[in-house]
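Coordinate inspection notes
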Amino acid sequence: MLQKKDISVLSLALLLSLITAAKPQTVFLAFDPAFAQSPSASPFKVPDVVPKDAKVRVNGSSSLTKINQILKQRFEEKFSGTTVELPKGYSGSTQALQAVLDGQLELAALGRPLTDAEKAKGLEQVVIARHKIAMIVGANNPFQGSLTDKQFAQIFRGEITDWSQVGGKPGKIRLIDRPEASDTRQAFQSYPVFKQAPFKPGANTVTVTEDTTEAVIEALGTDGISYAIADQVFQIPDSPAKVLQMHKTLPNNPAYPFSQPLVYVYKPAATLPPALQAFLAYATAPENQAAIESARKAEATSPAPIAQVPTTPSPSATATSPVPPISDASILAKSPDGALTVTGGKDG
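Some points on the packing of helix H2 (residues 65-78) against helix H10 (residues 274-283)
For the pair H2 and H10, the least separation of the axes is 11 Å and the interaxial angle reads 120°. The angle between the axes of H2 and H10 places the two elements in the oblique class. Relative to H10, H2 is oriented so that their crossing is right-handed. Residues Leu 71, Arg 74, Phe 75 and Lys 78 of H2 touch H10, and the partners they reach there are Ala 275, Ala 278, Phe 279, Tyr 282 and Ala 283. Its residues assigned to classes, the contact of H2 with H10 comprises seven nonpolar, no polar and two charged.

This is the structure:
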């Protein structure tokens, strides 16, 4: 008969044999592009009924126009008699935020996250969708590597000024920046890597006067780097650009570090109006995410009015000639190094 000590030894030996014999399992995860655009987890629950005379007033950035329209349509259809009031012309983020604080508006729609100063005023936000922000260079830029979020922040601040500092061939780096009012630009300020130093570009910066992806791409040349909403880069037909890997991933991967949140901002209260609670819950409900994503992409890729901003390039950096144009609609080609390049194609 085995003693307790012998049983323990045998049990340990059996356990070790099972561990050493087990083969590692490889798990393959299918990537859902919508995951990268997932909204905030809503603290609100979609109610069964909403008062028929309920009204929610929305204003702010025109970059949420299509999202606002689809949510208005679906909300009013689901809750008969309710009204989601949208403006004929959007006031802009600053005025809308003040209107929420003054109680003249229930929701401000923003194409960027709230700043710390805005949060300090008592405002809260719910993320409705996200644009992925791609890091881009000209198609003829010789850089073939992958950047980290820290390296891009250092390039932005002018702490890294040569491609050799990030594993490329020696040569100066020009940062092609957007105007200060750009929602895409302002989205960076919420990331820790941009909070480690003042949010200010370095002397190697050229600032475009138009807040458009087309203007940014035209200024890239062979030494420039910039950033843009990924969907916009992929659909531009006549200016080539290469999307850089970051952390060895591309923008269709959740690990690609930067995104531009599209948010609804409200003023919290002990008891929010039922209509506002219902609308915020409905805006983040799973049943609406496919429609919101379609609206987000349509908004990102639709032509928009060009806002001219009078800015002057820094003396130490001047724009070079744009890269040669390409013809017709664009398609995506993946180069051997894993980067994406916008190339010409008749059917896009």
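Thoughts on unusual backbone geometry
Of note, the phi angle at His 247 is positive, near 55°, even though the residue is not glycine. Note on His 247: relative accessible area 37%, which makes it partly exposed. Even without being glycine, Lys 248 reaches a positive phi, approximately 60°. Mapped onto the fold, Lys 248 is located in the loop between strand E10 (245-246) and strand E11 (259-266). Residue classification places Lys 248 among the exposed residues on the basis of a relative accessible area of 70%.

Focus: the environment of Ser 302
Within the secondary structure, Ser 302 is located in the loop between helix H11 (289-301) and strand E12 (330-334). Relative accessible area serves as the criterion here: at 23%, Ser 302 is assigned to the partly exposed category. Expressed as a C-alpha distance, the spacing of Ser 302 and Gln 232, which sit 70 residues apart in the sequence, is 8.7 Å.

Looking at the pattern of salt bridges
In this structure the tally under the stated criterion is 11 salt bridges. For Glu 118, the salt bridge identified is with Arg 112, shortest N-O distance 2.8 Å. Both residues of the pair, Glu 118 and Arg 112, count as buried. Notably, a salt bridge pairs Arg 185 with Asp 177, separated by 3.0 Å at the nearest N-O pair.

Quick notes on the rules
All residue numbers here refer to positions counted from 1 along the written sequence of the relevant chain. This being a predicted model, a pLDDT of at least 70 is required before a residue's local features are given, and a value of 80 or more before pairs of side-chain atoms are given or counted; all residues contribute to the totals for chains, interfaces and linings. Each side-chain value is derived from all of the structure's non-hydrogen atoms; neither hydrogens nor water enter the calculation. All axes here are fitted lines through C-alpha atoms, helices being fitted over the stretch that makes contact, and every angle between N-to-C directions spans 0 to 180 degrees. Segments assigned H or I by DSSP are reported as helices when at least four residues long, segments assigned E as strands when at least two residues long, and all are numbered from the N terminus. Relative orientations are named as follows: roughly parallel for angles under 35 degrees, roughly antiparallel for angles over 145 degrees, roughly perpendicular for angles from 65 to 115 degrees, and oblique for any other angle. For a crossing to be left-handed, the near helix must be turned anticlockwise from the far one by less than a right angle; the clockwise case is right-handed. The contact criterion used throughout is that any non-hydrogen atoms of two residues lie within 4.5 Å. Asp, Glu, Lys and Arg are counted as charged, while Ala, Val, Leu, Ile, Met, Phe, Trp, Tyr, Cys and Pro are counted as nonpolar; the rest, among them Gly, fall into the polar class. The rule is simple: take the accessible area with a 1.4 Å probe, protein chains only, and divide by the maximum for that residue type; under 20% is buried, over 50% is exposed, in between is partly exposed. Definition used for salt bridges: Asp or Glu carboxyl oxygen within 4 Å of a side-chain nitrogen of Lys or Arg.

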